Amino acid sequence: MRDLLLRAPDDFHVHFRSGPGMGEYVRRTSAFFDRALPMPNTLPPLADPETLAAYAEKVRAAAPGLDLVLSIKLFPGMSADTVRACARAGARVGKYYPAGATTHSRDGIPTPREIRDALEALEETGMVLSVHGEDPEAPVLERERAFLPVLRGLLADHPRLRVVLEHLSTREAAEFVLAGPDRLGATVTAHHLSFTTDDLAGGALRPHLFCKPVLQDRTHRDALRKAVLSCDRVFFGSDSAPHPRGLKESGEAPAGVYAAPVALPLLAAVFEEEEALDRLEAFVSFRGARFYGLPPNRGRIRLTREPWTVPEEMDGAVPAAAGSTLAWNVERV
Ligand code: NCD
Ligand code: ZN
């Protein structure tokens, strides 16, 4: 199998964090991606123009070549004026975290009613609503399915709002997106396309594969693959979410997979298995840009058939697939 030359990809869902490690995480992404959408669930959260601008400056200092699509975290009661001010400061995305659904979301949104003004301001400014689609009240493997009615309501109540359902994990969510309107997009991670609940907990418990939404079984993984291969509105977001190794290996591992260092090689293996390597570039480099109304990146990367072993630790965290040998590697051209 020959090498693959691709337009430099976008990562439309990545966690760069704020404290120590941030520079390394940013550079790990900028090694192969030309553009990234950093998520706003930092400490402190990105939810006002000043914090957002200071954060963007730090990320740019770590990787001047990386283009950013800035996001803010929506809060209950957030005013339309705050959203407008963030839009003027460069925010293009407002993130909806259901209260308690994932890392740093205890202060999230109980119901969409709580952010009606903010949603109207997103619609008015042309910002995209990015949704963590899980209902934390439902049993853990049911949470994404349980959230779909809320999403249906959001789309109906805000007919001009552009929405991205993040990190699809189930067949039902994939079908929802496939049947949805043009203004509904979705991201899919490399780990949800590669691994299942059995990789996470079928033998030994692998905390480094624990994320929200939790990995599902093969039926779901295969439905995600189908969506990724067939739908123009489904694009790549790594959901790379590093946590320090010690915390992930404690008795209470937080959710999040450090995916950035291995995402592209994992995706190449998935697309190869599906005999669809010719569709990888659309998924990682074109569709998301089109959805967000951005031009494709100008850089190039090359995926090479060169086996390599993923280090046990990178940047103080343990990457997905640590210790295993991957068939594909990636380099800048
Ligand atoms: C993410 C994190 O750690 O910030 N965790 C995760 O499991 N995906 C948050 C998120 O995107 O849910
Ligand atoms: Zn995330």
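Above this text you will find the structure in question.
Everything quoted here is computed from the prediction, not taken from an experiment.

A.B. asks: How should I be thinking about the pattern of salt bridges in this particular structure?
C.D. replies: Should the charged atoms of two oppositely charged side chains come close, the side chains can pair. Counted under the stated rule, the structure contains 19 salt bridges. Put simply, Arg 225 and Glu 274 hold a salt bridge, and the shortest N to O gap is 2.8 Å. Linking Arg 225 in helix H9 (residues 218-230) with Glu 274 in the loop between helix H11 (263-273) and helix H12 (280-292), this pair joins segments that are 49 residues apart in sequence. Between Asp 232 and Arg 290 there is a salt bridge, with its nearest N and O atoms 3.8 Å apart. In this pair, Asp 232 is assigned in the loop between H9 and strand S10 (234-236) and Arg 290 in helix H12, connecting sequence segments 58 residues apart. Salt bridges here are not isolated pairs; linked through shared partners, they connect Glu 142, Arg 145, Arg 171, Glu 172 and Glu 175.

A.B. asks: Got a minute to help me understand the packing of H9 against H11 in this structure?
C.D. replies: When two helices pack together, their arrangement is given by the angle between the helix axes and the distance between those axes. Following both chains from N to C, one finds H9 and H11 inclined at 90 degrees, their axes separated by 11 Å at the closest point. Classified by the interaxial angle, the pair formed by H9 and H11 is roughly perpendicular. Residues Arg 221, Arg 225, Val 228 and Leu 229 of H9 form the contact with H11, whose own contacting residues are Val 270, Phe 271 and Glu 273. The residue makeup of the contact of H9 with H11, split by class, is four nonpolar, no polar and three charged.

A.B. asks: Can you walk me through the pairing of strand S2 (residues 10-14) in this structure?
C.D. replies: Regular strands show a simple pattern: their side chains alternate between the two faces of the sheet. Burial within S2 is extensive, with five of its five residues counted as buried. Examined bridge by bridge, S2 and strand S3 (residues 35-38) share three bridges and lie parallel to one another. Bridge pairing in S3 links Asp 11 to Ala 36.

A.B. asks: Please clarify how the environment of Asp 135 should be interpreted in this entry.
C.D. replies: Topologically, Asp 135 is positioned in the loop between strand S7 (128-131) and helix H5 (143-157). The partly exposed category is assigned to Asp 135, whose relative accessible area is 24%. A sequence separation of 29 residues divides Asp 135 from Arg 106, and the C-alpha atoms of the two residues are 13 Å apart. Other than its neighbours up to four places away in sequence, Asp 135 contacts Arg 143, Ala 146 and Phe 147. Of note is the side chain of Asp 135, whose polar atom sits 2.9 Å from the backbone nitrogen of Glu 137.

A.B. asks: Looking at this structure, how should I read the coordination of the zinc ion (ligand 2)?
C.D. replies: For a metal with four tetrahedral donors the ideal donor-metal-donor angle is 109.5 degrees, while six octahedral donors give ideal angles of 90 or 180 degrees. Around the zinc ion (ligand 2), the donor atoms from the protein are His 13 (NE2), His 15 (NE2) and Asp 239 (OD), and they sit 2.0 Å away. Considering all four donor atoms around the zinc ion (ligand 2), the spread of angles at the metal, 93 to 130 degrees, places the coordination shape in the tetrahedral class. One chain supplies every donor for the zinc ion (ligand 2), spaced along it as H-x1-H-x223-D. Of this pair, His 15 sits in the loop between S2 and helix H1 (22-30) while Asp 239 sits in the loop between S10 and helix H10 (245-248), placing them 224 residues apart in sequence. Neither residue differs from the other here; His 15 and Asp 239 are each classed as buried.

A.B. asks: Can you walk me through the nonpolar core in this structure?
C.D. replies: One broad rule of soluble globular proteins: the nonpolar side chains tend to lie buried together. Ranked by internal contacts, the top residues of the largest apolar core, which has 98 residues, are Leu 129, Leu 151, Leu 267, Phe 271 and Phe 283. If you tally residues by element for this core, the top one is H11, at seven residues.

A.B. asks: Explanation requested: the environment of Leu 74 in the structure shown.
C.D. replies: Positionally, Leu 74 belongs in the loop between strand S5 (70-73) and helix H3 (80-88). On the basis of relative accessibility, which here comes to 1%, the residue Leu 74 falls in the buried class. Sequence-wise, Leu 74 and Ala 255 are 181 residues apart; in three dimensions their C-alpha atoms are separated by 20 Å.

A.B. asks: I tried to follow empty space enclosed by the protein on my own but got confused; where do I start?
C.D. replies: Gaps left between atoms are located by rolling a probe of water-molecule size over the structure's atoms. Under the defined criterion, the tally for this structure stands at two cavities of 30 Å³ or more. The volume enclosed by the largest cavity comes to roughly 110 Å³. Lining the largest cavity are 17 residues, and of these His 15, Thr 102, Thr 103, Asp 239 and Ala 241 sit closest to its centre. As a volume, the second largest cavity reaches approximately 40 Å³.

A.B. asks: It is not clear to me how the site of ligand 1 should be interpreted in this structure. Could you clarify?
C.D. replies: Neighbouring ligand 1 are 15 residues; Arg 17, Asn 41, Thr 102, Lys 212 and Asp 239 lie closest to it. Separating an oxygen atom of ligand 1 from a side-chain N or O atom of His 132 is a distance of 3.2 Å. Contact between ligand 1 and Ala 255: an oxygen atom at 3.0 Å from a main-chain N or O atom of the residue. Starting from 310 Å² of accessible surface for ligand 1 in isolation, the protein chains cover 100%. In this structure the site holding ligand 1 corresponds to the largest cavity.

A.B. asks: Explain the sheet that holds strand S11 (residues 300-304) to me, please; I cannot follow it from the model alone.
C.D. replies: Remark on secondary structure: sheet strands pair via backbone hydrogen bonds, oriented parallel or antiparallel. The three strands are arranged S1-S11-S14 in an open sheet whose pairing can be described as antiparallel. Of all strands in the sheet, those bounded by a partner on one side alone are strand S1 (4-7) and strand S14 (329-332). Averaged over all pairs of adjacent strands, the angle between their axes in this sheet comes to 30 degrees, without regard to strand direction. As paired strands, S1 and S11 are joined by four bridges and run antiparallel to one another. Within S11, the position partnered with Leu 4 by the bridge is Leu 303.

How each quantity is defined
Residues numbered from 1 in each chain as written. Chains lettered and ligands numbered in written order. Predicted model: local features only at pLDDT ≥ 70, side-chain atom pairs only at ≥ 80, totals over all residues. Heavy atoms only, no water. Salt bridge = Lys/Arg side-chain N within 4 Å of Asp/Glu carboxyl O. Helix = DSSP H or I, 4+ residues; strand = E, 2+ residues; numbered from the N terminus. Axes fitted to C-alpha atoms, helices over the stretch in contact; angles between N-to-C directions. Parallel < 35°, antiparallel > 145°, perpendicular 65-115°, else oblique. Contact = heavy atoms within 4.5 Å. Nonpolar A, V, L, I, M, F, W, Y, C, P; charged D, E, K, R; others polar. Buried < 20%, exposed > 50% of the residue type's maximum accessible area, 1.4 Å probe, protein only. Pairing = 2+ DSSP bridges. Polar contact = N/O pair within 3.5 Å; in protein donor to acceptor, adjacent residues only side chain to side chain. Donors = N, O, S within 2.8 Å, 3.2 Å for Na, K, Ca; no water. Tetrahedral: all angles 85-135°; square planar, octahedral: opposite > 155°, others 65-115°. Core = buried A, V, L, I, M, F, W, Y, C linked by side-chain atoms within 4.5 Å. 1 Å grid on protein atoms, 1.4 Å probe; cavity = no way out; pocket = protein on both sides within 12 Å on 5 of 7 lines; lining within 4 Å. Points joined across faces, edges and corners; volume = space filled by probe spheres on them. Near = heavy atom within 4 Å. Areas by Shrake-Rupley, 256 points an atom, 1.4 Å probe, with all protein chains shown as cover. Sits in = over half its atoms within 2 Å of the grid points.

None of the figures reported here should be taken as evidence of function without further support.
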